[in-house]
Amino acid sequence: MATTGRPFSHIVGFDDCPFPRTHRGDVPIIGTVFSGLRLEGVLSGKVRRDGVNSTRELIRLAGSSRFAAHLQLIMLQGVALAGFNVIDVPRLHAELGLPVLVVARRAPRQGAMRRALLERIPGGARKWALVERLGEMEPLAGVYVQRMGLSREEAATTIRATTPHGRVPEPLRVAHLIAGGVATGESSGRV
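All values reported here derive from a predicted model rather than from experimental measurement.

(A) Representation of the overall build of the chain. Counting its secondary structure elements, the chain contains six helices and nine strands. Reported as C-alpha extents along the three principal axes, the dimensions of the chain are approximately 45 × 35 × 30 Å. For the chain, the proportion of its 191 residues judged to be buried stands at 51%. Of the roughly 9300 Å² of accessible surface on the chain, a fraction of 49% belongs to carbon and sulfur atoms.

(B) Just helix α3 (residues 110-120), in detail. Among the residues of α3, Gln110, Met113, Ala116 and Leu117 are the ones counted as buried. Down the axis of α3, the buried set is contained in an arc of 130°. They therefore lie on one face. Along α3, the residues that are exposed and aim more than 90 degrees away from the buried face are Glu119 and Arg120. Contacts from the buried residues of α3 go to β6 (85-86) and α4 (124-134).

(C) Region of interest: unusual backbone geometry. In this structure, Asp50 is a non-glycine residue whose phi angle is positive, near 55°. Inspection of the secondary structure puts Asp50 in the loop between β3 (38-48) and α1 (54-64). We note that Ala141 has phi near 50°; this positive angle belongs to a residue other than glycine.

(D) Structural detail: the pairing of strand β1 (residues 10-16). With six of its seven residues buried, β1 lies for the most part within the structure. Summarising the sheet, β1 and strand β2 (residues 26-35) pair through seven bridges and their orientation is antiparallel. Note on β2: the bridge partner recorded for His10 is Ser35. In the sheet, β1 pairs with strand β4 (residues 73-77) via four bridges, with the strands oriented parallel. In the strand pairing of β4, Val12 is matched with Ile74.

(E) Broad picture of the environment of Ile59. Along the polypeptide, Ile59 turns up in helix α1. Ile59 sits in the buried class, given a relative accessible area of 15%. Spatially, the C-alpha atoms of Ile59 and Leu96 are 6.7 Å apart, while their sequence positions differ by 37 residues. Sequence-distant contacts of Ile59, that is, excluding residues within four places in its chain, are made with Ser64, Arg91, Leu92, Glu95 and Leu96.

(F) Fine view of the pattern of salt bridges. Per the stated rule, a full pass over the model turns up eight salt bridges. Ionic pairing is found between Glu40 and Arg38, a salt bridge with its closest N-O pair at 2.8 Å. We classify Glu40 as partly exposed; its relative accessible area is 34%. Judged by its relative accessible area of 57%, Arg38 falls in the exposed class. One salt bridge connects Glu138 with Arg152, and the closest N-O pair in it is separated by 2.5 Å. Pair noted here: Glu138 is in strand β8 (residues 138-140) and Arg152 is in helix α5 (residues 152-161), with a separation of 14 residues, a long-range link. Classification of Arg152 as partly exposed rests on a relative accessible area of 34%.

(G) Representation of the layout of surface pockets. For the largest pocket, the calculated volume is near 1300 Å³. Surrounding the largest pocket, 39 residues form its lining, Asp16, Gln77, Gly78, Ala80 and Gly83 being those nearest its centre. Looking at the lining of the largest pocket, the elements that each hand over two or more residues are β1, β5 (80-81), β7 (100-104), α3 and α6 (170-184). For the lining of the largest pocket, the element with the most residues is α3, which contributes five residues. Its residues assigned to classes, the lining of the largest pocket comprises 19 nonpolar, nine polar and eleven charged.

What counts, and at which threshold
Residues numbered from 1 in each chain as written. Predicted model: local features only at pLDDT ≥ 70, side-chain atom pairs only at ≥ 80, totals over all residues. Heavy atoms only, no water. Helix = DSSP H or I, 4+ residues; strand = E, 2+ residues; numbered from the N terminus. Buried < 20%, exposed > 50% of the residue type's maximum accessible area, 1.4 Å probe, protein only. Areas by Shrake-Rupley, 256 points an atom, 1.4 Å probe, with all protein chains shown as cover. Arc of directions from axis to C-beta. Contact = heavy atoms within 4.5 Å. Pairing = 2+ DSSP bridges. Salt bridge = Lys/Arg side-chain N within 4 Å of Asp/Glu carboxyl O. 1 Å grid on protein atoms, 1.4 Å probe; cavity = no way out; pocket = protein on both sides within 12 Å on 5 of 7 lines; lining within 4 Å. Points joined across faces, edges and corners; volume = space filled by probe spheres on them. Nonpolar A, V, L, I, M, F, W, Y, C, P; charged D, E, K, R; others polar.

In structure tokens form, the structure reads like this:
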């Protein structure tokens, strides 16, 4: 694990592919493996729209890849994939033995998320409990984060070291671009 003040250098960042609002079923997810600012590899898998398999799939992808031995950190573009397939961040951290950094461009609307989970999503109470367990997102280095297994200083240093353009770290920015290209034929939009 990195020491205070040093950035993590071997990172996997995950994002989901865009999908139509009416889509049901599996949604592809993309992981980008970086060594510093160099893209070393791409991982892909699938999770169920509003399902419960995101944590298991991330553990499988990161833990069984040829990059697993070198990974030092997992970055997530938000706490859920494929709509409301909420990631159990403590379990992800514990099973892989890696710090986890959840990143968002802006502070989430917790009230809206809570209402959606509790009123519209099967198993929403359990999913909301996972979100609550992480606590509020904190502003850090131009983005909002939740973190497990790394200090605030390590998170800030890593975000700055992996963000040469804009506000989003490269592992997440590139995962987003690849996911958009895979799903729609070309990448577009901001992370």
